[in-house]
Amino acid sequence: MESQIIEKIEKPVQVKALPKLNGYYPFTQFKGRLVSTRVVGVTFEGRQEVVARLQMGDRIWLEMEPDNRYDPNAIKVCRSNGEQFGYLNRQLAADIVPYFQSYRYPVHGKVSLLTGSGWDGYSLGVIIVFKLPKPKRSNTYDNGPSFDAWDEWDN
């Protein structure tokens, strides 16, 4: 008797075609998927106090904020403890929000540089670095986000 082969039939994996990032974004640099950019909005709503507590290398989270009344594409930037200290630039956020939507989880990054001074009325600033997320496959078992080690991409 011939052996019977049973094949598992799965739906094809659907991967969204994500837009290429061709625009100019102020104070932003790309190196492959690695993005280095200045955080905006750090002088509003007491965020200077949060920025003052940051140190270079601190872990940060980037998360979409679709209910933002000023910008539906807003991506907020928070410390690892949840304290928000700003947003991504509006033009950059509008172009990378499809990456965040396809990934479906907050994206991690690091504080790359602290700028400015608290002396004589100057404000503090922050430059962060993060990787553009890859889209999740639609037919894989989803245990939540799988993260690279924080220091694995530290170049």
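What counts as what
One numbering rule holds for all chains: residues counted from 1, following each sequence as written. In view of the model being predicted, local features appear only for residues whose pLDDT reaches at least 70, and side-chain atom pairs are presented and counted only at 80 or more, with totals across whole chains, interfaces and linings using the full set of residues. Hydrogens and water molecules were not included; the side-chain quantities draw on all heavy atoms of the structure. Secondary structure elements follow DSSP: runs of H or I of four or more residues count as helices, runs of E of two or more count as strands, with numbering from the N terminus. Residue contacts are defined here by distance: any two heavy atoms, one from each residue, within 4.5 Å place the two residues in contact. Exposure above 30% relative accessible area and the absence of a salt bridge qualify a residue for a patch, where like charges join within 9 Å and nonpolar side chains (Val, Leu, Ile, Met, Phe, Trp, Tyr) within 5 Å. Using a 1.4 Å probe, accessible areas were evaluated by the Shrake-Rupley method; residue-level cover was limited to the displayed protein chains. Think of a salt bridge as a Lys or Arg side-chain nitrogen and an Asp or Glu carboxyl oxygen that are within 4 Å of each other. When a residue's accessible area, from a 1.4 Å probe over protein chains only, is under 20% of the maximum for its type it is buried; when over 50% it is exposed; and in between it is partly exposed. Nonpolar cores were defined as sets of buried Ala, Val, Leu, Ile, Met, Phe, Trp, Tyr and Cys residues, with membership established by side-chain atoms within 4.5 Å. One bridge is not enough; two strands pair if DSSP finds at least two bridges between them. Every axis in this analysis is a line fitted to C-alpha atoms, fitted for helices over the stretch in contact. Angles between the N-to-C directions lie between 0 and 180 degrees. Each residue carries a pLDDT score, the predictor's own confidence in it, on a scale running from 0 to 100. Expected span of a helix, by definition, is 1.5 Å for each gap between consecutive residues, and there is one gap fewer than residues. To get the bend at any residue, fit one axis to the seven residues that end at it and another to the seven that begin at it, then take the angle between the two axes. Definition of a polar contact: a pair of N or O atoms within 3.5 Å, with one able to donate and the other able to accept a hydrogen when the atoms are protein atoms, and with sequence-neighbouring residues admitted only if both atoms are side-chain atoms.

(A) Highlighting the environment of Ser80. Mapped onto the elements of the fold, Ser80 is located in the loop between strand 4 (75-79) and strand 5 (84-87). Expressed as a C-alpha distance, the spacing of Ser80 and Arg59, which sit 21 residues apart in the sequence, is 5.8 Å. Those residues in contact with Ser80 that sit more than four places away from it in its chain are Arg59 and Trp61.

(B) Region of interest: a nonpolar patch on the surface. Together, Met56, Leu113 and Leu114 make up an exposed nonpolar region whose accessible area comes to about 260 Å². By secondary structure assignment, the location of Leu114 is in strand 6 (residues 107-116). Residue Leu114 is classed as partly exposed on the basis of its relative accessible area of 31%.

(C) Quick look at the nonpolar core. By size, the foremost hydrophobic cluster in this structure holds 26 residues, and its most contacted members are Leu62, Phe85, Leu88, Ile96, Ile128 and Phe130. The leading source of residues in this core is helix 2 (residues 90-103), at six residues. Leave out the neighbours within four places in its chain, and Ile128 touches Val35, Ser36, Thr37, Val39, Ile60, Leu62, Val77, Phe85, Leu88, Lys110, Val111 and Ser112.

(D) Fine view of unusual backbone geometry. For Glu45, which is not glycine, the phi dihedral falls at a positive 50°. Counting through the fold element by element, Glu45 comes out in the loop between strand 2 (34-38) and helix 1 (47-52). In the Ramachandran plot, Arg104 falls in the positive-phi region, its phi being about 75° despite a non-glycine side chain.

(E) Layout of the sheet that holds strand 6. Strand order in the open sheet made by the seven strands is 1-2-7-6-3-4-5, with antiparallel pairing throughout. What marks the edges here is a single partner per strand, and that holds for strand 1 (28-31) and strand 5. With strand direction ignored, the average angle separating the axes of adjacent strands in the sheet is 30°.

(F) View of the confidence of the model for the protein. Overall, the prediction assigns the protein a mean pLDDT of 80, with 72% of residues at 70 or greater. A low-confidence stretch, residues 145-151 stays under pLDDT 50, and its non-local contacts, those more than four residues away or across chains, total 19 contacts.

(G) Focus on helix 2. Here helix 2 is 14 residues long and its end C-alpha atoms lie 20 Å apart, about the 20 Å a rise of 1.5 Å per residue gives. Maximum bend of helix 2: about 45°, positioned at Ile96, with proline Pro98 one to four residues after it. Among the residues of helix 2, Leu92, Ala93, Ile96, Val97, Tyr99, Phe100, Ser102 and Tyr103 are the ones counted as buried. The inward-facing, buried residues of helix 2 contact strand 1, strand 2, strand 3 (59-64), strand 4, strand 6 and strand 7 (124-131). Its side-chain oxygen 2.7 Å from the backbone nitrogen of Gln91, Asn89 forms the N-cap of helix 2. Arg104 sits one or two positions beyond helix 2 and adopts a positive phi of about 75°.

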